[in-house]
Each structure stands twice: as structure tokens, then as C-alpha cells.
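One-letter residues, chain by chain:
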Amino acid sequence: MWTFTTDVQEFARAAEAFLLTDPVSNTVPLTVLTNLRSGRPAPDAYFGWWTDGGQVRGAAFRTPPRPIGLARMPVEAAAGLVEALKGDIPEVVGPRDLTEVVAGVLGQPGEVIAERLYRLGSLNVPDVPGHGRPAVEGDLPVLVSWMYAFFDEVKLGAGEDAAQRTAQRLAHGELFVWESGGAPVSFAALSPAAGGVCRIGPVYTPHSQRRRGYGAAVTAFASRVGLDERCDQVVLFTDLANPTSNAIYQSIGYEPVSDYAQVTFRR
């Protein structure tokens, strides 16, 4: 049975213990909880949890304009979610087996972005000219432009205020740059620890600076900060349509965990 609420604290009381049983697979909902507790706004957000035999065994959430996010759960819970929401699911993201169940109930999706979740094993720091550092206020204009460019390139983030999001993440110490020749050449974001897990993303290098190892370098730098100062494990998601980024992350020590997908449905 699915239960829904707009109260994040009620959701946490009901579902957080369940989410923490697999903090790697549930990195996204746990990070959402952490961000909301820190005071970040999420207008019109709602949350749900699925109980079976009196135990919580599934969870889902939405923080518009982002898709409905699925925690790791039994496939029957995903099918029940479609029924509970009366098919009002314009977009969903989560473990691939669960998004396939949702798509099977709703019909042919309009677009599917295949992703993979990676977890850092042994960090291999690449030898790349320059150095990493935390982003500072003076970096904000270039970081905002890069965030817009990233969203445009991956065709995600529709409806989001990239400038506001970038400023918020900078203020919370989540952004890092790789600097070479006296100027930033790439950036990576690191989510706050949630269940002992930090998540890298996004990572962006402008076209003029690519193929020089900067993306790998800044990812490795942010990963090291995470392990040294913030969390026990570091994870990231990749777009499986981009073999270059998947190879880069594996070269610095990231190992595949499981496949995910973001699915948009025709309305």
C-alpha cells in the first residue's frame, strides 16, 4: 500500500530507516532529504512510501520540475505506484528494472536516457597539469554559464533555475574547480553526505578545454575531498550513451553498481 505526504518530516519518520538499508542505491532520495532538512526550498514536493506486511519496503518522491524518483524497491511496488498516482507520471527516474515496470504499465515512453550508477573503489589520481580547489564566489559567473551549458548538452534540467541552483551549491561548499594557467577549466559538484554517501555530479568541461584530462582531474579531486572530509563512500551516475565519460570515471577508480534510467512519457 502506498501512502503519500507533502511533509518531509513525516516522510523521513516513515521511510528513512528503509532508505538507509541501501544508502548507495538510494543516494538520490537520501540526498533530497538532506537538502530539504538544510532549508533548501522544494515547492510542491511530495513523497510516498510503500508498505508490505507492515514494513516499509519502497519509497518515491518528486521535487518539481524534476521527475518522480524511485528508491530501490520490489517491482510490484513500482506497478502499484502507477495505480496509486492514477497514471499521473510525466517522467520517472530510478533503477532500470523499476522504470521498465512503470513504462510497461503506462505504455510506450517518449524518451529513455540510460544511466549507470558507479561507486568509487580505489581512487587513481591522474597526472594532469593544474590543481583542484574549492570554488569561490568569484567563480560564480563562469560556473553558472557552465551549468547552463551542461543542462543544454545533456538535455536535462528543463524548468530549473540553473543560476539559483549553482549559487546554492556554491554557498554550501559543494562545487570544485580544476584550475590550469591561472583560470578554471572544469568543475565538479559533490553532494552533501547522506547515509555516509556523497555523490559527484554534475561534472562539466567546456568544449575548448576537453581532451586534456581536466574532467577526470576535477572528479578525482572532489572525490578525494569527499572521502577525506565528508563521507565513507562516493558514487556518481553516468549517461551510458557517452562512452568517453564512462571510461574516464572507470580510469580513476569508479566501479559499476547497477543500471538506472530516466524515462519521459508522451502526454
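Everything below is about the structure printed above this text.
Residues numbered from 1 in each chain as written. Predicted model: local features only at pLDDT ≥ 70, side-chain atom pairs only at ≥ 80, totals over all residues. Heavy atoms only, no water.

A.B. asks: Quick question: what am I supposed to make of the packing of aromatic side chains here?
C.D. replies: The geometry of an aromatic ring pair is captured by two quantities: the separation of the ring centres and the angle between the planes. All told, the structure shown has eight aromatic pairs when counted by the stated rule. Between the aromatic rings of F11 and W49, the centroid separation amounts to 6.4 Å while the plane-to-plane angle is 45 degrees, which identifies the pairing as tilted. In this pair, F11 is assigned in helix α1 (residues 8-19) and W49 in strand β2 (residues 46-52), connecting sequence segments 38 residues apart. Ring centres of F237 and Y260 lie 5.0 Å apart, and the angle between their planes is 75 degrees; on these two criteria the pair is classed as edge-to-face. Taken together, the residues span a long stretch of sequence, with F237 in strand β11 (residues 233-239) and Y260 in strand β12 (residues 254-265) at a distance of 23 residues. For F237, a relative accessible area of 24% puts it in the partly exposed group. Y260 sits in the buried class, given a relative accessible area of 3%. Pairwise contacts between aromatic rings join F11, F47 and W49 into one cluster. (Phe/Tyr/Trp six-rings, centres within 6.5 Å; stacked < 30°, edge-to-face > 60°. Helix = DSSP H or I, 4+ residues; strand = E, 2+ residues; numbered from the N terminus. Buried < 20%, exposed > 50% of the residue type's maximum accessible area, 1.4 Å probe, protein only.)

A.B. asks: Got a minute to help me understand the sheet that holds strand β8 (residues 175-180) in this structure?
C.D. replies: The strands that make up a sheet pair up through hydrogen bonds in the backbone, lying either parallel or antiparallel. Taken together, the twelve strands give an open sheet; going across it, the order is β1-β2-β3-β4-β5-β12-β6-β11-β10-β9-β8-β7, and neighbouring strands pair in mixed fashion. The two strands at the open ends of the sheet, each matched to only one other strand, are β1 (2-5) and β7 (131-134). Ignoring which end each strand starts from, the neighbouring axes of this sheet average 25 degrees apart. Direction of pairing for strand β3 (residues 55-62) relative to strand β4 (residues 68-70): antiparallel, over a ladder of three bridges. Bridging from a neighbouring strand, R62 pairs with I68 of β4. Each of β8, β9 (183-190) and β10 (197-204) is contacted by helix α5 (residues 140-154), which is oriented at about 90 degrees to β10, the strand it contacts most. Across the sheet, helix α8 (residues 243-251) touches β6 (109-120), β10, β11 and β12, and the angle it forms with β11 is around 160 degrees. (Pairing = 2+ DSSP bridges. Axes fitted to C-alpha atoms, helices over the stretch in contact; angles between N-to-C directions. Contact = heavy atoms within 4.5 Å.)

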